[in-house]
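# Topology and contacts: notes
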Amino acid sequence: MSNDKPGPGNGKKAGYTHFGFEEVPTAQKQQRVREVFSSVASSYDVMNDLMSFGIHRIWKRFVIDLAGVRPGEKVLDVAGGTGDLSREFRRLVGPQGLVVLSDINEAMLRQGHIRLADKGVVDVPLALANAEKLPFAEGTFDCITIGFGLRNVTDKDAALVSMTKALKPGGRLLVLEFSKPLNAGLAKVYDQYSFRLLPLMGKLVARDADSYRYLAESIRMHPDQATLKGMMENAGLSRVQVYNLTGGIVAVHRGYRLD
Ligand code: SAM
């Protein structure tokens with residue numbers, strides 16, 4: 001499958017990458033992404049419910065079920081933000097298990113900490129970390145997830161390698177991310193929604209239209225299902241399977257580290 005996303009920036013110049021449809025020096029992308037999430041952190045959860053009509057909860061439920069986390073396991077939630085996945089994993093691993101909530105952004109982690117505490121979850125350690133170079137020993141975790149995070153990472157291949165290394169042999173990585181709608185009709189409606197309504201909602205609720213314009217653009221620039229599957233295999237994962245949700249608007253990729 002080709003990765004023929006709309007918008008400029010696909011023919012990247014050396015030393016440049018895309019930030020939505022904008023081409024920016026590679027060294028600047030992380031800071032631009034940081035500004036987006038620092039700006040939206042306090043309204044992040046409300047916006048998620050609004051923008052997805054609550055469907056993000058079903059997508060996350062699917063990932064949790066597919067992860068098959070068992071009591072006593074060690075789980076890492078990369079780019080975990082406000083902790084939706086961590087909260088449920090914490091319940092599943094039980095008292096002998098461990099769940100670490102990690103993110104590159106302090107504001108998002110702070111929000112996650114408050115939210116978990118509000119729900120009575122106090123035993124989830126937080127780790128301020130870049131997915132591209134995770135600060136964990138090789139072979140630490142049984143399961144790693146990255147939910148709606150990979151799209152924002154500058155060097156996605158480095159992040160996939162770093163997450164794969166942090167898995168124990170036999171461990172699994174699950175990537176939950178926006179993807180490419182399978183049907184042209186759905187893609188058309190979805191484009192109208194993303195480029196017209198999302199920035200408007202962002203402006204009204206989060207007082208930040210630009211961050212939600214970035215959201216729509218970054219989704220279009222993200223590798224499609226087949227490309228991401230190949231990237232995961234290149235990173236050393238095996239038995240990679242793809243699950244399309246809501247007509248491919250979102251996809252879950254699951255792969256295993258075998259050795
Ligand atoms: N996983 C949460 C969820 O599904 O609700 C939060 C997803 S939010 C859309 C994306 C998160 O990715 C933000 O919290 C952001 O700070 C984080 N992020 C962006 N770049 C990152 C990186 N290089 N390493 C780790 N986290 C990153």
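Structure: see above.
Before going further, it helps to spend a moment on the overall build of the protein. Along the backbone of the protein there are 9 helices and 9 strands. In terms of overall dimensions, the protein is globule-like: its C-alpha atoms have a radius of gyration of 17 Å, near the 18 Å expected for 259 residues. Overall size of the protein, expressed as C-alpha extent along the three principal axes, is 45 × 40 × 35 Å. Looking at the 259 residues of the protein, the share that counts as buried comes to 54%. Summarising the internal contacts of the protein: among those between residues at least 6 apart in sequence, 68% fall at separations of at least 24. Accessible area for the protein stands at about 11600 Å²; split by element, carbon and sulfur atoms hold 55% of it. In the protein, 34 positive and 28 negative side-chain charges are present, and the distance between their average locations comes to 2 Å.

As a packed pair, helix α2 (residues 44–52) and helix α3 (residues 55–67) sit with axes 7 Å apart at the nearest point and diverge in direction by 100°. When the axes of α2 and α3 are compared, the pair comes out roughly perpendicular. The residues of α3 that touch α2, namely those facing Asn48, Asp49 and Ser52, are Ile55, His56, Arg57, Trp59 and Lys60. Classifying every residue of the contact of α2 with α3 by side-chain character gives 2 nonpolar, 3 polar and 3 charged.

A few words now on the pairing of strand β7 (residues 167–178). Of all 12 residues making up β7, 9 are buried, and the element is well covered by its neighbours. Across 6 bridges, the pairing between strand β6 (residues 141–147) and β7 is parallel. Bridging across to β7, Thr145 finds its partner in Leu174. Chirality of the crossover, the property in question, places the unit of β6, helix α6 (residues 156–166) and β7 among those that are right-handed. In this sheet, strand β9 (residues 250–256) lies alongside β7 in antiparallel orientation, the contact comprising 7 bridges. Pairing of Leu174 across the sheet is with Arg254, part of β9.

Conventions used here
Residues numbered from 1 in each chain as written. Predicted model: local features only at pLDDT ≥ 70, side-chain atom pairs only at ≥ 80, totals over all residues. Heavy atoms only, no water. Helix = DSSP H or I, 4+ residues; strand = E, 2+ residues; numbered from the N terminus. Rg over C-alpha atoms; globule rule 2.2 N^0.38 Å. Buried < 20%, exposed > 50% of the residue type's maximum accessible area, 1.4 Å probe, protein only. Contact = heavy atoms within 4.5 Å. Areas by Shrake-Rupley, 256 points an atom, 1.4 Å probe, with all protein chains shown as cover. Lys, Arg positive; Asp, Glu negative; His and termini not counted. Charge placed at Lys NZ, Arg CZ, Asp CG, Glu CD. Axes fitted to C-alpha atoms, helices over the stretch in contact; angles between N-to-C directions. Parallel < 35°, antiparallel > 145°, perpendicular 65-115°, else oblique. Nonpolar A, V, L, I, M, F, W, Y, C, P; charged D, E, K, R; others polar. Pairing = 2+ DSSP bridges. Right-handed = clockwise from strand over helix to strand, strands pointing away.

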